[in-house]
Amino acid sequence: MREETIVAVATPPGEGGIGVIRISGPQAQAIGEKILRHPSGKTITTWPERKVRLGVVISSEEKVIDEVIFFFFRAPRSYTGEDVLEIQGHGGQKNMELILSAAMAAGARPAEPGEFTKRAFLNGRIDLAQAEAVIDLITAQTDLAHRAAQEQLRGRLSDYLHQCEEKLLAVLAQIEAALDFPEDEIPDLDRKEAMGTIAEVAKELAALAAQAEKGRILREAATVVLAGKPNVGKSSLLNRLLGEERAIVTPIPGTTRDFVAEISNLQGLPVRLVDTAGLRETSDPLEQEGVRRTWHWVEKAELILIVLDAAAGLSAEEEQLIREVKEKKRVFIVLNKSDLPPRLTADGVAGRFPGLPVLTVSTVSGEGLEDLEEKIREALVGKDFGREHPVIVTSLRHKDALERAGSYLQDVLAGLRDGLSEDLLSVDLRAALAALGEITGRAVSDEVIAAIFSRFCIGK
Amino acid sequence: MAQVKIYDVIVVGAGHAGCEAAYATAKMGYRTLLLTLNFTNIAFMPCNPSVGGPGKGHLVREVDALGGLIGRVTDLAHLQMRSLNTQKGPAVQALRAQVDKRRYQEIMLGILEREPLIHLRQGEIVDLERVGSEGVSWRLELSTGIILEAPVVILAAGTFFQGTVHIGLVSFPSGPQGQHPSVSLPQKLAAEGIRFRRFKTGTSARLRRRSLNFEAMIEQPGEETPHGFSFWIPWQPRLAASCWLTYTNERTHEIIRKNLHQAPMYCGAITGVGTRYCPAIEGKVVNFPDRPRHQVFIEPESAGTDEVYVAGLSSSLPEAIQEEFIRTVPGLERAEIVRPGYAIEYDVVAAEQLTPFLQLKECPGLFCAGQINGTSGYEEAAAQGIIAGINAGLYLKGETPFLPRRDEAYIGVLLDDLITKELDEPYRVMTSFAEFRLSLRQENADLRLAEYGYKYGLLADAEYERFLAKKERIEEIRATLEKTAFDPESEAGRKITELTGITLKQRISLAELLQKPGVSFQMLQEVYTQLPPGKDEGRVVENQIKYQGYLTREAKMAERLRKMEEKRIPPGFDYNQVPNLSTAAREKLSRVAPLTIGQAARISGVGPADLSALLIWMEARVNR
Ligand SMILES: Nc1nc2c(ncn2[C@@H]2O[C@H](COP(=O)(O)OP(=O)(O)OP(=O)(O)O)[C@@H](O)[C@H]2O)c(=O)[nH]1
Ligand SMILES: [Mg+2]
């Protein structure tokens, strides 16, 4: 069975202007012949590669659907590595759907999410890191995650790692060439220079790996839990941060019986906000269960906002709660209802819990909310994250590979220092390259042979 | 009809693969005909008079450990021996010999002639057909009308198949060094459905020794190496001849550059694929224009002749141009060419048709070995020869094939690479190809392989007993090193500090001491004179102890590999059934038809995604 031909709209839905439909697979040209005509109405018989051409899309009843421009890419010189037909028509949901159904009537099947990318990867048109970035892009939920995905897509991580790989390969090729061709004029390995190169790469990898935890937050969304006594305004705060009325708010204590978890875009950062049942001693079994679940979320959270009612004062239970949670997790104390006459002041609370940030807000007036968002973001990923445009590692698998590569490089450095023989140095250097290869998809064994012959004149 | 001469095995070609193959099948008890186009040229070395080096030397040791010939014959025929990479760690240390080519042939011929089951014969095959109703047999016809038949035929025809020699713009059908090419047999094989590819190799001119001025060159004498290649015969180092080093210069390069239009590699006359590791001087000058000079080695061809080999100046330029550029090299100003360098194009069997034990998949009983499979080098040929021979014998016995693993021998690496990597140049073994390089050392080749050599009948009882005794001594030394310890204040302790410069802080065993950098087994012998003797054994133990950590790591890796190798892919498996395979992987897997998931993983173009798709599918349907 040959690969099926797939079709999908390539531009995001709902946007005006131009809409792009992409068809990929062995039937791409045949489908084009069925659904496209010259503007004059004549059938199209020639399919030159990569040429902009004008045409019209017709339905199965030969009715003109849209005036379009189209491109044909012949395998393997296309994004997916298969024959690809790209049709640019007038955007707009309805029009796109008509073109899609014409393509499907002609034999294409709708693509699954990420299927173009999968094909591109399987056909070797993009590497693993790029492919994963596209998949991230498809599932990305907020702007910054989107940008991280796009950056990776542009091969930033791969490019960046390729540079590292090249540097390591140069050292390895030098070692290997001398081992395999001792009678050719291969210069001896300059150990000091090699140590410099490797230390530099190791440092770069360590910096990248350090980024990965933040990258993961971009990818998987950090969990921020709102906890506190009943009626302090947790649900109100959730709604404000989400920008929509998601949780029920009433003046009755114990309103929220079960948690509400929702992804929010906090200044470009995806955050899973969790509103919980207010914590108090209770005999109501339903409420007891809610309290149990609250604790469960506290365990999973990256950050806990303990909400206090500034107009109500600090109870012994609340004080106990704060002390208990801060042992386990990062905690912000949020003084809510600052629009009412205060019984608690920020300084007063801060004095009781040295080291814990205390923020004053009002979900009614909106005071302090922006500052709260800013502080949450800072606590999760740091001040400059995403603003200075670093290469972001978003996958834990990548982080693991980077760390392994780094630790092998430390072994190489130690070996270089201790005068370890070159056949042994090669072992760890290869292991480091293999780890990087898990990200970039390059195979050390082939690369090193090529590097030897391109760098050194071999053969007596 | 002429009477049919029947054998168990017919080996076609008596080069380095053919000789090993015939010797192996004869040792396994099979009547073997070793057929050669020219009886004078048995075990002929058409290129450099040298055997060994990193990787290649390892192969020689392994063939020898299995009971093959190349090691012993090289030891007996060597003119000088050198140890390479002595400063670079035990895994890559290797021997390289300069060999007296004529003596090599004589000794090899003598060994083969003494084998009662080997029949040597000169003849050219003009016809080949499959015969026999129960069990396939192969019938061969010689140009003289003689008919031969055997259930096993081992093709070891080197570069003779459809050979075309190029010298400048002149080209003509020829085998190596002016020998008759083989034309009919490859046609008959093609008719059997066997597919060929075209490869290219070359050699340099040979000069008259008396015409050279050695004062202008640097002498490279041999060394008294502690051992030779062979584990089985006594080692007698010889310093019978030197090599000489000189260099090309800008004038040399200028002449070559000016005449590239007459170089068959550059004017389009040659379409076959050449090698990167053994380039003609034309290639070096073109690809490395910044290099002001290239090395040239003058190597003796034989003690009995005046002919010398010129390593480094392989060329297929016109003979007159070869003479011209050769004479720009210091010491070669008046050089007289006795044979010109040339390039040769020849047919090789496309490797995807082979099983890893070198049988043609579609032709039961038909094996291929040596350069015909797309390798280069005497050592690679010999390695395949012995493997084809042993497996031909096992085929006749109806037993499972012998296939050393990648973690077991360079031979295993070679065989696996040959059928897994799709070669785009003649294959030469390199230590860089061996992922278990630290385990595959030249000094432990017998420990890795001698058991097999004995099991298959290639090693004699006496040899095997010696091997077992050696193994025992190794164990004894190891045990002694582990249990013997000294205090810092003891006499031995002071001796240790004196010899090694290490100040002892506490009681230390000799094994622990040996792990320290700079400490050798030899030093321990001086510290503790009661150590069991054994130079070779000591070397083995030294490496085992010094590199223990790395060896354990390789052993773990090998274990993982073995698991992948245990996941067998049924023969004739249809990759079209498996969804989610990339088109490229599907095509390659179908072509290479790997035997195991492990092998599939090594095919370039088969990525991790393909592998998981394949594994998932197999787990779900095949392996249930
Ligand atoms: N004045 C004032 N009232 C607020 C503010 N935030 C919340 N409230 C009120 O406080 C009451 C309780 O608010 P909720 O958001 O339901 O409180 P909660 O913490 O979720 O309570 P439970 O779900 O019962 O645990 C409601 O009547 C809100 O209108 C605020 O900033 N100022
Ligand atoms: Mg609530």
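Calculation notes
Residues numbered from 1 in each chain as written. Chains lettered and ligands numbered in written order. Predicted model: local features only at pLDDT ≥ 70, side-chain atom pairs only at ≥ 80, totals over all residues. Heavy atoms only, no water. Domains from an automatic or database assignment. Contact = heavy atoms within 4.5 Å. Buried area = accessible area lost by both parts, 1.4 Å probe. Salt bridge = Lys/Arg side-chain N within 4 Å of Asp/Glu carboxyl O. Polar contact = N/O pair within 3.5 Å; in protein donor to acceptor, adjacent residues only side chain to side chain. Helix = DSSP H or I, 4+ residues; strand = E, 2+ residues; numbered from the N terminus. Nonpolar A, V, L, I, M, F, W, Y, C, P; charged D, E, K, R; others polar. Donors = N, O, S within 2.8 Å, 3.2 Å for Na, K, Ca; no water. Near = heavy atom within 4 Å. Areas by Shrake-Rupley, 256 points an atom, 1.4 Å probe, with all protein chains shown as cover. Expected span 1.5 Å × (residues − 1). Buried < 20%, exposed > 50% of the residue type's maximum accessible area, 1.4 Å probe, protein only. Arc of directions from axis to C-beta. Phe/Tyr/Trp six-rings, centres within 6.5 Å; stacked < 30°, edge-to-face > 60°. Lys NZ or Arg CZ within 6 Å of the ring centre and 35° of its normal. Pairing = 2+ DSSP bridges. Right-handed = clockwise from strand over helix to strand, strands pointing away. Axes fitted to C-alpha atoms, helices over the stretch in contact; angles between N-to-C directions.

Interface extent is often summarised as the accessible area lost during association of the parts. Domain parsing of chain B yields domain 1 (4–200 + 346–438), domain 2 (206–342), domain 3 (472–551) and domain 4 (567–622). The centre of domain 2 of chain B, based on its C-alpha atoms, is set 46 Å off from the matching centre of domain 4 of chain B.

Below, the discussion takes up the domain arrangement of chain A. By domain assignment, chain A separates into domain 1 (6–111), domain 2 (140–211 + 392–442) and domain 3 (221–381). The C-alpha centroid of domain 3 of chain A is placed 44 Å from the C-alpha centroid of domain 2 of chain A.

At the interface, 39 residues of chain A touch 42 residues of chain B. Here chain A meets chain B over a buried area of about 3600 Å², counting both sides, of which 53% is carbon and sulfur. At the boundary of chain A with chain B, the tally comes to 5 salt bridges. For the salt bridge of Glu185(A) with Arg293(B), the shortest nitrogen-to-oxygen distance reads 3.8 Å. The interface formed by chain A and chain B includes 13 residue pairs in polar contact (both at pLDDT 80 or more). Of all elements in the fold, only α3 (115–122), α6 (156–180), α14 (422–440) and α15 (444–455) of chain A reach the threshold of two or more residues within the side of chain A that touches chain B. By residue number, the principal contributor to the side of chain A that touches chain B is α14(A), which donates 8 residues. A class-by-class count of the residues in the side of chain A that touches chain B yields 19 nonpolar, 5 polar and 15 charged.

Moving on, we come to the coordination of the magnesium ion (ligand 2). The magnesium ion (ligand 2) binds to the protein through Ser235(A) (OG) and Thr256(A) (OG1), with metal-donor distances spanning 2.0 to 2.2 Å. In this pair, Ser235(A) is assigned in helix α8 (residues 234–242) and Thr256(A) in the loop between α8 and β9 (260–266), connecting sequence segments 21 residues apart.

Residue and element names in this part refer to chain A. In the neighbourhood of ligand 1, 23 residues make up the surrounding shell, with Ser236, Gly254, Thr255, Thr256 and Thr363 lying closest. Between an oxygen atom of ligand 1 and a main-chain N or O atom of Lys234, the distance comes to 2.9 Å. One nitrogen or oxygen atom from the side chain of Asp339 is found 2.9 Å from a nitrogen atom belonging to ligand 1. Across the complex, the protein chains shield 88% of the 640 Å² of accessible surface that ligand 1 would expose by itself. The element that contributes the greatest number of residues to the shell around ligand 1 is α8, accounting for 3 residues.

Next up on the list: the environment of Ile6(B). All names here are of chain B. Locating Ile6 in the fold gives a position in strand β1 (residues 4–6). Taking the C-alpha atoms as reference points, Ile6 and Ile147, separated by 141 residues in sequence, lie 8.7 Å from one another. Those residues in contact with Ile6 that sit more than four places away from it in its chain are Arg31 and Glu149.

For the rest of this paragraph, the subject is helix α18 (residues 548–566) of chain B. Counted at 1.5 Å a residue, the expected span for α18(B) with its 19 residues is 27 Å, and the 26 Å between its end C-alpha atoms agrees. Regarding α18(B), the residues found buried are Tyr550(B), Leu551(B), Glu554(B), Ala558(B) and Leu561(B). Along the axis of α18(B), the buried residues cluster in a sector spanning 90°; they form a single face. In α18(B), the exposed residues that point more than 90 degrees away from the buried face are Gly549(B), Lys556(B), Arg560(B) and Glu566(B). Contact partners of the buried residues in α18(B): α14 of chain A together with α17 (535–546) and α20 (597–602) of chain B.

On to the packing of aromatic side chains, then. The full count for this structure, using the stated rule, is 15 aromatic pairs over all chains. In textbook terms, an aromatic cluster arises when at least three aromatic residues are bridged by ring pairs, as seen for Trp47(A), Phe70(A) and Phe72(A). The aromatic ring of Trp297(A) is capped on one face by Lys300(A), whose charged end is 4.8 Å from the ring centroid. Against the face of Tyr247(B) rests Arg293(B), its NZ or CZ located 3.4 Å from the ring centre.

All names here are of chain A. For strand β12 (residues 330–336), a buried count of 6 out of 7 residues is recorded, marking the element as mostly surrounded by other parts of the structure. Inspection of the sheet shows strand β11 (residues 303–309) paired to β12 by 7 bridges, in the parallel sense. Residue pairing across strands places Val307 opposite Val334, the latter belonging to β12. When β12 meets strand β13 (residues 358–360), the two strands line up parallel, connected through 3 bridges. Paired with Ile333 across the bridge in β13 is Val358. Running through helix α11 (residues 346–352), the crossover from β12 to the neighbouring parallel element β13 is right-handed.

Another point: the environment of Phe288(B). Looking at the secondary structure, you find Phe288(B) in the loop between α8 (281–287) and β18 (295–300). A C-alpha to C-alpha distance of 31 Å links Phe288(B) and Gly370(B), two positions 82 residues apart in sequence. When near neighbours in sequence (up to four residues on either side) are disregarded, Phe288(B) contacts Phe453(A), Ser454(A), Arg455(A), Phe456(A), Cys457(A), Gly283(B) and His294(B).

All names here are of chain A. Counting buried positions along strand β2 (residues 18–24) gives 5 out of 7 residues, so the element sits mostly inside the fold. In terms of strand pairing, β2 meets strand β6 (residues 84–90) through 7 bridges, oriented antiparallel. Of the residues in β6, the one forming a bridge with Val20 is Gln88.

What follows deals with the sheet that holds strand β3 (residues 32–36) of chain B. Residue and element names in this part refer to chain B. Sheet architecture is open: 5 strands sit in the order β7-β3-β2-β11-β22, paired in parallel fashion. Edge positions in the sheet fall to β7 (118–122) and β22 (366–368), since each has one partner strand and no second. Strand after strand, the sheet turns through a mean of 20° between neighbouring axes, direction not considered. Relative to strand β11 (residues 152–155), strand β2 (residues 9–12) runs parallel, the two sharing 4 bridges. By the bridge assignment for β11, Val11 is matched with Ile154.

Moving on, we get to the sheet that holds strand β14 (residues 196–203) of chain B. The pairing of strands in a sheet happens through backbone hydrogen bonds and is either parallel or antiparallel. Residues and elements named next belong to chain B. If you trace the 4 strands from one edge of the open sheet to the other, you get β13-β12-β21-β14, paired in antiparallel fashion. On the outer flanks of this sheet lie β13 (170–173) and β14, each paired with one strand and no other. Neighbour-to-neighbour, the strand axes of this sheet turn through a mean angle of 25°, independent of strand direction. Sheet topology places strand β12 (residues 164–167) next to β13; 4 bridges connect them, and they run antiparallel. Bridging from a neighbouring strand, Val165 pairs with Phe172 of β13.

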